[in-house]
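Analysis of the macromolecular model
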Amino acid sequence: MDWTISHAEDTLSSVETTSWRTVALTAVAPVVWGTTYLTTEELLPPDRPLFSATVRALPAGLLLLAWCRRLPRGDWWWKAAVLGLCNIGIFFPLLFLAAYRLPGGLAATLQATLPLAVMALAYAALGERASGRGVAAAVVGLAGVALLVLGSPGGVDLLGLAAGAASVVVAATGFVLVKRWRAPVDMLTLTSWQLLAGGLLLAPVALLVEGAPPAIDAPAAIGYLWLGGVGTVVAYALWFRGLTRMPAGGVALIGLLNPVVGTALGALVAGEVFGLPQAVGVALVLGGVLAGQRRRGAARRTAPPDRTPARAPGCTPALNRS
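- An unreviewed UniProt entry annotates the chain as EamA family transporter originating from Nocardioides deserti.
- In the Subcellular location (unreviewed entry) part of its UniProt record, the chain is described as follows: "Membrane".
- In its Sequence similarities (unreviewed entry) section, the UniProt entry covering the chain states "Belongs to the EamA transporter family."

Encoded structure:
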């Protein structure tokens, strides 16, 4: 059964086909991540991005590793450390810093540039060539982000803006590396390695920079449980699964649900102002990336359907590839 699952994944990756089930499961991640900004603003202790990042990553990594009970081998020790650094250890603090210092809608929409960064890095590292329409779409998307920033009421916090932009670059690097380095284990095990590596890096830095942990009240506990459980363990396992089964452009398209959810929650729940400049900016971002992904449609229509067997719960490793 392990060989069948691994072989099916290789076949699926080679034909670059995507079933609706794969799309739906991958979409869970950006939908949940879109709630990070509102959760941070409303529930978590203020101005503690490093502590919040540590609490989100380290307990989840320890629990997952205890469940999966498999350590890296060979060169996967340093690969897991690099992935944990990019996807967790550096990305989480930057993401929380942006969430603390920017309105939720703006912070979420900045993440809409992530697909564009992934496309560029995927071309450089994986040879996934972007079409002329894709390049034009990237320019339109970036123009939309600029319009959203310039039209943001009450000014823009430059440190939060820089953190959001840096988080995009770091995350794009980590996501492309996950796709480039074919892990010899299932996604839950790979996720546990990254969370543990990132959390172990963050813990001493958080203590050194921010001091002793703050008091955790009931709302903060709920927020950390949501972000650490659903927003990290579940979301990252499904997202990395999608990255191994889909081309970078397809995953980028699904990732646009993140800013949509974040912007909607910011306007509906937090009462953030959402006027014409913000609407035009979001429309340009979404429209630009949508236009850039249209070329994948024909390829998917001619590809064979996704017949990959469903995984049983747990951490069953795929066949070790020599």
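1. Considering the pattern of salt bridges
- By the definition in use, this model includes 3 salt bridges.
- Put simply, aspartate 75 and lysine 79 hold a salt bridge, and the shortest N to O gap is 3.5 Å.
- According to the relative accessible area criterion, lysine 79 is buried, its value standing at 14%.
- Here arginine 101 and aspartate 157 are joined by a salt bridge, their closest N and O atoms 2.9 Å apart. Taken together, the residues span a long stretch of sequence, with arginine 101 in helix α5 (residues 76-101) and aspartate 157 in the loop between α8 (132-150) and α9 (158-180) at a distance of 56 residues.
- Given a relative accessible area of 37%, arginine 101 falls into the partly exposed group.
- The class of aspartate 157 is partly exposed, set by a relative accessible area of 24%.

2. What to know about unusual backbone geometry
- For aspartate 47, which is not glycine, the phi torsion reads 55° and is therefore positive.
- By secondary structure assignment, the location of aspartate 47 is in the loop between α3 (36-43) and α4 (49-68).
- In this model, arginine 69 sits at a positive phi of 55°, which is unusual for a non-glycine residue.
- A relative accessible area of 74% means that arginine 69 is categorised as exposed.

3. Points about the environment of alanine 283
- Along the chain, alanine 283 turns up in helix α14 (residues 276-293).
- Residues alanine 283 and valine 140, 143 residues apart in the sequence, show an inter-C-alpha distance of 9.9 Å.

4. Section: the packing of aromatic side chains
- What the rule picks out here adds up to 11 aromatic pairs.
- Taking 5.9 Å as the distance between ring centres and 80° as the angle between the ring planes, the aromatic pair formed by phenylalanine 51 and tyrosine 224 counts as edge-to-face. Residue phenylalanine 51 is located in helix α4, and its partner tyrosine 224 is located in helix α11 (residues 218-245); the two are separated by 173 residues in the primary sequence. By the burial criterion, phenylalanine 51 is buried, and tyrosine 224 matches it.
- A connected cluster of aromatic rings, assembled from ring pairs, spans Trp33, Phe91, Phe92, Phe175, Tyr236, Trp239 and Phe240.
- Sitting above the plane of the phenylalanine 92 ring, arginine 56 keeps its charged end 4.4 Å from the centroid.

5. Some remarks on the nonpolar core
- Grouped together as the largest cluster of nonpolar side chains are 65 residues, with contacts concentrated most on Leu190, Trp239 and Phe240.
- Among the elements that take part in this core, α5 stands out by supplying 14 residues, more than any other.

6. Some details on the UniProt feature "transmembrane region" (unreviewed entry) in the chain
- Those places that UniProt annotates as "transmembrane region" (unreviewed entry) correspond, in this numbering, to residues 80-100, 106-126, 133-152, 158-178, 190-209, 221-239, 251-270 and 276-292.
- Between the C-alpha atoms that bound residues 80-100 there is a distance of 28 Å. The span itself is 100% helix and 0% strand.
- Between the end C-alpha atoms of residues 190-209 there is a gap of 29 Å, over a span that is 100% helix and 0% strand.

7. Concerning the side chain of threonine 36
- In this structure, threonine 36 sits in helix α3.
- With relative accessibility at 1%, the residue threonine 36 sits in the buried group.
- What threonine 36 contacts, discounting residues up to four positions off in sequence, is Arg56, Leu95 and Leu227.

Definitions and cut-offs
Residues numbered from 1 in each chain as written. Predicted model: local features only at pLDDT ≥ 70, side-chain atom pairs only at ≥ 80, totals over all residues. Heavy atoms only, no water. UniProt positions renumbered as here; feature names shortened; annotations may be inferred. Salt bridge = Lys/Arg side-chain N within 4 Å of Asp/Glu carboxyl O. Buried < 20%, exposed > 50% of the residue type's maximum accessible area, 1.4 Å probe, protein only. Helix = DSSP H or I, 4+ residues; strand = E, 2+ residues; numbered from the N terminus. Phe/Tyr/Trp six-rings, centres within 6.5 Å; stacked < 30°, edge-to-face > 60°. Lys NZ or Arg CZ within 6 Å of the ring centre and 35° of its normal. Core = buried A, V, L, I, M, F, W, Y, C linked by side-chain atoms within 4.5 Å. Contact = heavy atoms within 4.5 Å.

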